[in-house]
Amino acid sequence: MEASVILPILKKKLAFLSGGKDRRSGLILTIPLCLEQTNMDELSVTLDYLLSIPSEKCKARGFTVIVDGRKSQWNVVKTVVLMLQVILVSANKLTRYIEPCQLTEDFGGSLTYDHMDWLNKRLVFEKFTKESTSLLDELALINNGSDKGNQQEKERSVDLSFLPSVDPEIVLQTGHELLSELQQRRFNGSDGGVSWSPMDDELLAQPQVMKLLDSLREQYTRYQEVCRQRSKRTQLEEIQQKVMQVVNWLEGPGSEQLRAQWGIGDSIRASQALQQKHEEIESQHSEWFAVYVELNQQIAALLNAGDEEDLVELKSLQQQLSDVCYRQASQLEFRQNLLQAALEFHGVAQDLSQQLDGLLGMLCVDVAPADGASIQQTLKLLEEKLKSVDVGLQGLREKGQGLLDQISNQASWAYGKDVTIENKENVDHIQGVMEDMQLRKQRCEDMVDVRRLKMLQMVQLFKCEEDAAQAVEWLSELLDALLKTHIRLGDDAQETKVLLEKHRKFVDVAQSTYDYGRQLLQATVVLCQSLRCTSRSSGDTLPRLNRVWKQFTIASEERVHRLEMAIAFHSNVEKILQDCPEEPEAINDGEQFDEIEAVGKSLLDRLTVPVVYPDGTEQYFGSPSDMASTAEHIRDRMKLVSLKRQQLRHPEMVTTES
């Protein structure tokens, strides 16, 4: 019977155990009757409850019952006495059986008793006893269930009884507080003044509480160990489950994503799109890698805990997780490096293609340079572009070979799957790009060779045209020199002959210059035919050359005629003027004098006649003063011849004059 069940009856204080004892150490049971009619049933219930509290040892010593009928009717007292079958003793004789200190104040004693305080403490004690007993049963069930080897029973015990109905910590705290109060003699309401604590032994409250607390601590310690083991097992199972989730995803959907992404693209844009797709795949993998890091930390913490029975399983899980994650991470890194190399390869290929397009566009445009310097500049630009193409092609080969090496070293993404077929398309594409660029570069080189030859021919053409124009200038200068400086006819026959010889050499120089100009112009015609172009100056230079040469020829012939006439004139004059007695009859011949005079006059007349060119223009030799000086010399010679003639005809006149 519990106090909480009959609490309303107990509150009426129909009977109570004050804690006092008689001289035989028997407990004192007090029944305070009141004026009101006492309910015998309630009294009987109260007595049954109170008599159930002491131990059997305590009961063996008997009880002393004090029925206080001073405030009640006799018939009620009589009924109680008959019910209890006790011996009546008057109140003044109580001290004969009981020490005053064991009597309450109601009977003249000094024992203090607070019924409500006792009732409250009793309720606390019974509640603790009930809860602790129930908790011990639950903990024993849990602890015993954890020791069983049958996994199904263990799981069932975990499901049904893993958590106690009350918190063990609260029950233990309640028990300690109760024990502390018992030890301080507050269970029966006595706070001091009495050294004897009757509830310690007789009511067994303190030993019972201590026993319950010891049992609770023992079971609770076992329970905590069970909880720790189950928590560790649960944590291990959760870790194992998460590890398998990571492993299954990485080896399943993660690997499938990588296997589906084997291409490298055929352009920069395609490679960039593949890179973007790969970044999305990496983003998904990074979430699982974060789970891997967290799991690895948890496993490391469990390994540091040092439970040997779990070390092998934990290390196995850690190794499996690390192997899968590192393998997947290396595949992601390989794929990223491969795409980066492909992007660089396509970038170099695009730059090289643009360079080849620029070079080809330059070669396809027909050039019309103004001079040799511009041709040389164009040739230099072509060589620079061709060199740049060579450097670009070499860079493309290096990038392509590096990419091929990466592909050849590619590991299987499918754990044994042959990736040769997929890689063959990438290899064929890379080799195709390099071969195409090589062919385009070769075509451009051939076109550069043709353009170089054409430009060199154009340089030669310009050179021929310039040299031909220079020949015309030289011939014009020779003509100018002939007309302005080749004036003298000599003072005698010998000098005139020397002048004639020099003139012929001068004509030879002019002839060579003319022939050189003609050859150059013929070369320009051949070059123009080869280049399929029209000479800029051949149409003008050749007529100029011929015109100047014609003028030079006319002037030269006139110069020769004059020198030849001068030679004939000087020779005849010198012959007449010499004293030649061997041929007197020849000297006396008048025809010679007439001939000399005729030649001299013809020569003087010729000096005054200009050179007339085919176009009707006229040009004189030298200046008028030069012409006058030459004519004066001829006249002087003619005067000497005339004087000689007179001497021969009239010798006496000459003597007289002499």
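For every chain, the first residue of its written sequence is number 1, and the numbers climb from 1 along that sequence. This being a predicted model, a pLDDT of at least 70 is required before a residue's local features are given, and a value of 80 or more before pairs of side-chain atoms are given or counted; all residues contribute to the totals for chains, interfaces and linings. Heavy atoms from the whole structure form the basis of all side-chain values; hydrogens and water molecules are not counted.

Concerning the nonpolar core
Working step 1: Among the buried residues, those of types Ala, Val, Leu, Ile, Met, Phe, Trp, Tyr and Cys that are joined through side-chain atoms within 4.5 Å form a nonpolar core. Each residue is assigned to one of three classes by its accessible area relative to the maximum for its type, calculated with a 1.4 Å probe on protein chains only: buried under 20%, partly exposed between the two thresholds, exposed over 50%. Grouped together as the largest cluster of nonpolar side chains are 58 residues, with contacts concentrated most on Leu359, Leu396, Leu403, Ile430, Met437, Leu475 and Phe552.
Working step 2: What counts as a helix is a DSSP run of H or I of at least four residues, what counts as a strand is a run of E of at least two, and both are numbered from the N terminus. Within the residue set of this core, elements represented by two or more residues are α10 (308-364), α11 (372-408), α12 (420-485), α13 (493-531) and α14 (538-577).
Working step 3: Looking at which element gives the most residues to this core, the answer is α12, with 18 residues.
Working step 4: Every residue pair with non-hydrogen atoms within 4.5 Å of one another is taken to be in contact. Apart from residues lying up to four places away in sequence, leucine 396 is in contact with Phe345, Val348, Ala349, Leu352, Val433, Met434 and Met437.
Working step 5: Residues Ile9, Leu17, Ile31 and Ile53 belong to the second largest nonpolar core, which totals 23 residues.

Some details on the pattern of salt bridges
In a structure, side chains of opposite charge can pair up when their charged atoms sit close to one another.
Working step 1: For this document, the term salt bridge refers to a Lys or Arg side-chain nitrogen within 4 Å of an Asp or Glu carboxyl oxygen. All chains considered together, the criterion is met by 30 salt bridges.
Working step 2: Between arginine 259 and glutamate 256 there is a salt bridge, with the nearest N and O atoms lying 2.0 Å from each other. Placement of both arginine 259 and glutamate 256 in helix α8 (residues 205-260) is noted, with a separation of 3 residues, approximately one turn of the helix.
Working step 3: Exposure remark for arginine 259: the relative accessible area of 18% places this residue in the buried category.
Working step 4: By relative accessible area, which is 45% here, glutamate 256 ends up partly exposed.
Working step 5: For aspartate 449, the salt bridge is made with arginine 452, and the minimal N-O distance between the two is 2.7 Å. With a gap of 3 residues between them, aspartate 449 and arginine 452 both fall in helix α12, about one helical turn apart.
Working step 6: Relative accessible area serves as the criterion here: at 41%, aspartate 449 is assigned to the partly exposed category.
Working step 7: The structure contains a network of salt bridges with shared partners spanning Glu383, Asp449 and Arg452.

Regarding the sheet that holds strand β2 (residues 27-32)
Working definition: the strands of a sheet are paired by backbone hydrogen bonds and lie parallel or antiparallel to each other.
Working step 1: Taken together, 3 strands build an open sheet; the order of strands is β1-β2-β3 and the sheet is mixed. The sheet is open, and its two edges are formed by β1 (16-21) and β3 (63-68), each paired on a single side. On average, adjacent strands in this sheet sit at an angle of 30° to one another, irrespective of strand direction.
Working step 2: We call two strands paired when DSSP finds no fewer than two bridges between them. Relative to β2, β1 is paired through 3 bridges, and the arrangement is antiparallel. Looking across to β2, one finds that phenylalanine 16 is bridged to threonine 30.
Working step 3: For helices, the fitted axis covers only the stretch in contact; all axes are lines through C-alpha atoms, and the angles between them, taken along N-to-C directions, range from 0 to 180 degrees. In this fold helix α4 (residues 74-84) packs onto β2 and β3, with an angle of close to 165° to the strand it touches most, β3.

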